[in-house]
Amino acid sequence: MFSLRDKQLADDIVLQITKAKVHLRFMHVCGTHQDTLVKHGLDALLQNCGVEIGQGPGCPVCVTTTKEIEEILLLAKQGKTIATFGDMTRVPGASSSLQQMRAEGCDIRTVYSIEDALNFAENHEDKEVVFMAVGFETTAPTTASVLLQDPPSNFSVLCCHRLIPPALHAILQMGELKIDGFIEPGHVSTIIGVKPYESLSKQYHIPQVIAGFEPLDLLMAVWMLVRQIQQGKAEVENEYVRAVKPAGNRKAQQILEQVFEPVDVKWRGFPVIPRSGLRVRRKFDSYDARKKYEDALEPLAHEEFTEPVGCLCGEVLRGLISSQQCPLFGHACTPENPVGPCMVSSEGNCHILYRYMKK
Amino acid sequence: MDYGSGTKRKANVSLVQVKVGDYVLVHAGFAIQVLDEKEAQETLALFKEMLSLQEEDR
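These numbers were taken from a predicted model, which means no experiment stands behind them. (Residues numbered from 1 in each chain as written. Chains lettered and ligands numbered in written order. Predicted model: local features only at pLDDT ≥ 70, side-chain atom pairs only at ≥ 80, totals over all residues. Heavy atoms only, no water.)

Draft legend 1. The arrangement of the layout of surface pockets in detail. All names here are of chain A. Taken as a whole, the second largest pocket holds about 940 Å³ of empty space. In terms of lining, the second largest pocket is formed by 33 residues, of which the most central are Lys 67, Glu 68, Glu 71, Val 265 and Arg 290. Among the secondary structure elements, those contributing two or more residues to the lining of the second largest pocket are helix H5 (66–77), strand S6 (155–161), strand S10 (260–266), strand S11 (272–280), helix H15 (289–292), helix H16 (294–297) and helix H17 (313–317). For the lining of the second largest pocket, the class distribution of residues is 12 nonpolar, five polar and 16 charged. (1 Å grid on protein atoms, 1.4 Å probe; cavity = no way out; pocket = protein on both sides within 12 Å on 5 of 7 lines; lining within 4 Å. Points joined across faces, edges and corners; volume = space filled by probe spheres on them. Helix = DSSP H or I, 4+ residues; strand = E, 2+ residues; numbered from the N terminus. Nonpolar A, V, L, I, M, F, W, Y, C, P; charged D, E, K, R; others polar.)

Shown next as structure tokens:
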């Protein structure tokens, strides 16, 4: 069986990083990377070698805004059947959460895939089914693929898809944090390939390495970043060659292009980031819940929402603080009673740290 | 799609060009990439080679 957990090799990589005698801070933007780092104790191990790694805005559920949650809650209240991924149902909005609305009698369905929502709509022609589509470039093609399959007219999507490279630009442009390198998300990169990251390295002279999700993948990625810095380079390297082709998944890219167009959107904890979201193209208006239910959603059109009192998810998502620095962490905010989304999602930094009891 | 450990579930393959017997990466019910078995097997060898190059640099 193929395995990337060779201890000797891990020791060799750590030795090389230690020998480099560096003091660096890297950012990754992926909940699964954070899980691997914390679960295997790599965060502490690397800290001892002078490398700090923190999670940025790399949890799709976490960066979904309160306003988007309020939109779906409003549609649920009006009797639509809502289908979405499990984590999303538990994130509190300003007024309630999908889970709470289910307890109050609304029709909320947890699905594993958008196809489950589509199947439900096909089998229940009397119900209006709205799929809340969250996720980055990895998930967006699944939504696009379904919209191209000619879904029934009782099916629509509330599109909340977002794109990673514009968010990386935003982080560097905001300049709140010194970042010496990015570890780029493996599965987003299987779709987009290497090229979309290149302008970032050129513009900000920052090294980047696309990494897989095994412990050795991440150690290797860190060492590749360290080596670039030692050599004064700022390039995009690909550690995850077994899954990420230089050009990405062209078929998925074409499908994305056919169905969506980029749009300026707000991310939780961030201002509006130019061209960082995806909007359903006009041709598919009848499947765009924001168009289909424009009148129903009108009350929210000009509403702005603030974060829950005391919640520092925004600062966590920008990498400014670690979850444990939030006064609510593990006390007022736990996975059972989450205040903010980072404690809800299995990809959220707070949930991951809480799960492995790093209080 | 056989996920190993006895888990089998239907997956949508509209995003990839795939044939029976291939290994794929599955995300939210869709195969998003065909994995290159040879590349996977060579990853460890590549790591070792890169580390030994570093030794020679010094």
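Draft legend 2. Here's a closer look at the packing of helix H9 (residues 140–147) of chain A against helix H14 (residues 250–259) of chain A. Residue and element names in this part refer to chain A. Taken N-terminus to C-terminus, the directions of H9 and H14 make an angle of 65°; their axes are 9 Å apart at the nearest point. Every pair of crossing elements has a handedness; the one defined by H9 and H14 is left-handed. Where H9 approaches H14, its residues Ala 140, Pro 141, Ala 144, Ser 145 and Leu 147 are matched on the opposing element by Ala 252, Ile 255, Leu 256 and Val 259. Across the contact of H9 with H14, the residue classes break down as eight nonpolar, one polar and no charged. (Axes fitted to C-alpha atoms, helices over the stretch in contact; angles between N-to-C directions. Left-handed = near helix turned anticlockwise from the far one by under 90°. Contact = heavy atoms within 4.5 Å.)

Draft legend 3. Summary view of the interface of chain B and chain A. Counting residues at the interface gives 30 residues for chain B, matched by 43 residues for chain A. When residues of chain B are sorted by the area they lose upon contact with chain A, Leu15(B), Phe47(B) and Leu51(B) head the list and together hold 20% of the total. The tally of links from chain B across to chain A stands at one salt bridge. Among the ionic pairs, Asp116(A) bridges to Arg9(B), the shortest N-O distance being 3.2 Å. Summed over the shared surface of chain B and chain A, the result is 11 residue pairs in polar contact (both at pLDDT 80 or more). At the level of secondary structure, the elements contributing two or more residues to the side of chain B that touches chain A comprise strand S1 (24–27), strand S2 (30–34) and helix H1 (37–57) of chain B. (Buried area = accessible area lost by both parts, 1.4 Å probe. Salt bridge = Lys/Arg side-chain N within 4 Å of Asp/Glu carboxyl O. Polar contact = N/O pair within 3.5 Å; in protein donor to acceptor, adjacent residues only side chain to side chain.)

Draft legend 4. Geometry of the pattern of salt bridges. Residues and elements named next belong to chain A. For the structure shown, the criterion picks out 19 salt bridges over all chains. One salt bridge in this structure joins Arg 162 and Glu 68, with 2.9 Å as the shortest N-O distance. Taken together, the positions of Arg 162 in the loop between S6 and helix H10 (164–174) and Glu 68 in helix H5 put the pair 94 residues apart, joining distant regions of the chain. Via salt bridges that share partners, Glu 257, Glu 261, Arg 279 and Arg 281 belong to a single interconnected network.

Draft legend 5. The arrangement of the environment of Ile53(A) in detail. All names here are of chain A. Relative to the helices and strands, Ile 53 resides in strand S2 (residues 51–55). Residues Ile 53 and Gln 34, spaced 19 residues apart in sequence, show a C-alpha to C-alpha distance of 8.9 Å. The contacts of Ile 53, once residues within four sequence positions are left out, are Phe 26, His 28, Leu 37, Leu 46, Ile 183 and Val 222.

Draft legend 6. Seen up close, the sheet that holds strand S8 (residues 208–211) of chain A. All names here are of chain A. Here we have five strands laid out as an open sheet, ordered S2-S1-S7-S8-S9, and parallel in their pairing. With one partner strand each, in any of the chains shown, S2 and strand S9 (236–238) form the two edges of the open sheet. Within the sheet, the average angular offset between the axes of one strand and its neighbour, ignoring direction, is 25°. Strand direction decides the pairing type here: strand S1 (residues 24–28) and strand S7 (residues 181–185), joined by three bridges, are parallel. Bridge pairing in S7 links Phe 26 to Gly 181. Here H10 sits on the sheet in contact with S1, S7 and S8, set at roughly 160° to S7. (Pairing = 2+ DSSP bridges.)

Draft legend 7. Quick peek at the pairing of S2(B). Residues and elements named next belong to chain B. Among the five residues in S2, five count as buried, and that is most of the element. As paired strands, S1 and S2 are joined by four bridges and run antiparallel to one another. The residue bridging Val 26 from the neighbouring strand is Ala 31, located in S2. Linking S1 to S2, which pair antiparallel, is a turn of two residues; within it Ala 28 sits at a positive phi near 50°. (Buried < 20%, exposed > 50% of the residue type's maximum accessible area, 1.4 Å probe, protein only.)

Draft legend 8. Seen up close, the sheet that holds strand S3 (residues 81–84) of chain A. Residue and element names in this part refer to chain A. Pairing in this open sheet of four strands is parallel, and the strands run S4-S3-S5-S6 from one edge to the other. Edge positions in the sheet fall to strand S4 (108–110) and S6, since each has one partner strand and no second. This sheet shows a mean twist of 20° between the axes of neighbouring strands, independent of strand direction. Two elements, S3 and S4, share three bridges in a ladder whose sense is parallel. Counted as the bridge partner of Ile 82 is Ile 108 from S4. Sitting on the sheet, H5 is in contact with S3, S4, strand S5 (129–135) and S6, with an inclination near 165° to S5. Contacting S5 and S6, H9 runs over the sheet at an angle of about 155° to S6.

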